[in-house]
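An overview of the molecular structure
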Amino acid sequence: MNNVTVVDHPLIQHKLTIMRNKETSIAGFRRLLREIAHLLCYEVTRDLELEMIPIETPMSEMMAPAIKGKKLVFASILRAGNGLLEGMLDLVPAARVAHIGMYRDHATLEPVEYYFKAPSNLQDRLIIVVDPMLATANSATAAIDKLKERGANNIRFLCLLAAPEGVARFTEAHPDVPVFTASIDSHLNELGYIMPGLGDAGDRMYGTK
Ligand code: PRP
Ligand code: URA
């Protein structure tokens, strides 16, 4: 599929298997999501442009590579996005953060927005939107609509699991936004859950039901 990268590194796949297991504890689930976020972050930032800057080591002056341009923005779709966000910030601690509060109405599967706070200058910054689950893609599509309304013009979407239906819907709605995921699962069930999936990511992270 165009514009969709499945990051199939063995460490990610191994950790994801443990996350899928319903016997995995909340603490284990959270820790693994953070660890996988490190590995996915590595992949989604692989092609960032570098520039040479002057520094002094204890031995001499040199020109050394540093990431070019404005600070990255990570946009977390609440709640479950925060699990990926924490791991991303471990690797890019200076990134700016947007929070997009959204939950799926269980009957309609439409997103209900309850919070939005983002840096004011989104234009010409790389914005990486994070949410572990891309199911119908209603939430991700709405979140990105909102970011584009605020001027965002360079966006990537990072998730842990995707349904083929969600990938199709998302890439149709936002063909300019590359998707990075650790897996594209089999299908969505009649309740809009990813199969075989891992259940409700937010509930498994926070011990809610
Ligand atoms: C989950 C998930 C996504 C959304 C995916 O969030 O974290 O945001 O569902 O489903 P979709 O692709 O069909 O929109 P949820 O609504 O359960 O909220 P939560 O993170 O607060 O638990
Ligand atoms: N949201 C989740 O947390 N899990 C799914 O399988 C679908 C949407």
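Basis of the calculations
Residues numbered from 1 in each chain as written. Chains lettered and ligands numbered in written order. Predicted model: local features only at pLDDT ≥ 70, side-chain atom pairs only at ≥ 80, totals over all residues. Helix = DSSP H or I, 4+ residues; strand = E, 2+ residues; numbered from the N terminus. Rg over C-alpha atoms; globule rule 2.2 N^0.38 Å. Contact = placed C-beta atoms within 7 Å. Expected span 1.5 Å × (residues − 1). Buried ≥ 20, exposed ≤ 12 C-beta atoms within 10 Å, placed from the backbone. UniProt positions renumbered as here; feature names shortened; annotations may be inferred. pLDDT = per-residue confidence, 0-100. Near = placed C-beta within 6 Å. Nonpolar A, V, L, I, M, F, W, Y, C, P; charged D, E, K, R; others polar. Core = buried A, V, L, I, M, F, W, Y, C linked by C-beta atoms within 7 Å. Arc of directions from axis to C-beta. Axes fitted to C-alpha atoms, helices over the stretch in contact; angles between N-to-C directions. Parallel < 35°, antiparallel > 145°, perpendicular 65-115°, else oblique. Left-handed = near helix turned anticlockwise from the far one by under 90°.

This paragraph deals with the overall build of the chain. Of the regular secondary structure elements, the chain holds six helices and 14 strands. The C-alpha radius of gyration of the chain comes to 18 Å, within 12% of the 17 Å expected for a compact globule of 209 residues. Its C-alpha atoms give the chain principal-axis dimensions of roughly 60 × 40 × 30 Å. When contacts within the chain are restricted to residue pairs at least 6 apart in sequence, long-range pairs at least 24 apart make up 63% of them.

The first and last C-alpha atoms of helix α4 (residues 138-149) sit 17 Å apart over 12 residues, in line with the 16 Å expected at 1.5 Å per residue. Within the sequence span of α4, burial applies to N138, S139, A140, T141, A143, I144 and L147. Directly after α4, the chain includes G151, whose backbone phi takes a positive value near 105°.

Another aspect to go through is the environment of P178. Among the structural elements, P178 can be located in the loop between α5 (164-173) and β11 (179-181). Look at P178 and you get partly exposed, because 16 C-beta atoms sit within 10 Å. Sequence separation between P178 and E190 is 12 residues, and the spatial gap between their C-alpha atoms is 27 Å. Dropping the residues within four chain positions of it, P178 is found in contact with N3, T5 and R156.

This part is about the UniProt feature "binding site: 5-phospho-alpha-D-ribose 1-diphosphate" (unreviewed entry) in the chain. On the UniProt side, "binding site: 5-phospho-alpha-D-ribose 1-diphosphate" (unreviewed entry) is annotated at positions that read R79, R104, D131, P132, M133, L134, A135, T136, A137, N138, S139 and D200 here. Its location among the elements puts A135 in the loop between β8 (133-134) and α4. Excluding residues within four positions of it along the chain, A135 makes contact with A163, G166, L188, G192, Y193 and I194. Its location among the elements puts D200 in the loop between β14 (194-195) and α6 (201-206). With 15 C-beta atoms packed within 10 Å, D200 lands in the partly exposed category.

A few words on the confidence of the model for the chain. Chain-level statistics for the chain give a pLDDT mean of 97 and a share of 99% at 70 or above. On the interface metric, ipTM, the complex scores 0.98, and its pTM is 0.97.

Our focus in this paragraph is the site of ligand 1. Near ligand 1 there are 23 residues, and of these A80, A135, T136, S139 and G202 occur at the shortest range. Within the residue set of the shell around ligand 1, elements represented by two or more residues are β4 (73-78), β5 (96-104), β8, α4 and α6. For the shell around ligand 1, the element with the most residues is α4, which contributes three residues. Of the residues contributing to the shell around ligand 1, the split by class is 13 nonpolar, six polar and four charged.

Bringing the site of ligand 2 into the picture now. Neighbouring ligand 2 are M133, A135, Y193, I194, G197, D200, A201 and G202. Here the shell around ligand 2 is composed, by residue class, of five nonpolar, two polar and one charged.

Moving on, we get to the nonpolar core. By size, the foremost hydrophobic cluster in this structure holds 54 residues, and its most contacted members are A75, I127, V129, L134 and L158. Per-element accounting of this core gives the leading share, eight residues, to helix α2 (residues 26-44). Discounting chain neighbours no more than four positions away, the residues touching L134 are A140, C159, A162, A163, G166, V167, F170 and T181.

Buried within helix α1 (residues 10-20) are the following residues: I12, K15 and M19. Taken down its axis, α1 places every buried residue within 75° of arc, on the same side. Those residues of α1 that are exposed and angled more than 90 degrees off the buried face are P10 and H14. Close packing links the buried residues of α1 with α2.

All right, on to the packing of α1 against α2 then. The geometry of α1 relative to α2 is characterised by a closest axis approach of 10 Å and an angle of 160° between their N-to-C directions. Taken together, the axes of α1 and α2 lie roughly antiparallel to each other. The interaxial crossing formed by α1 with α2 has left-handed handedness. Residues L11, I12, K15, L16, I18 and M19 of α1 pack against G28, F29, L32, L33, E35, I36 and L39 of α2.

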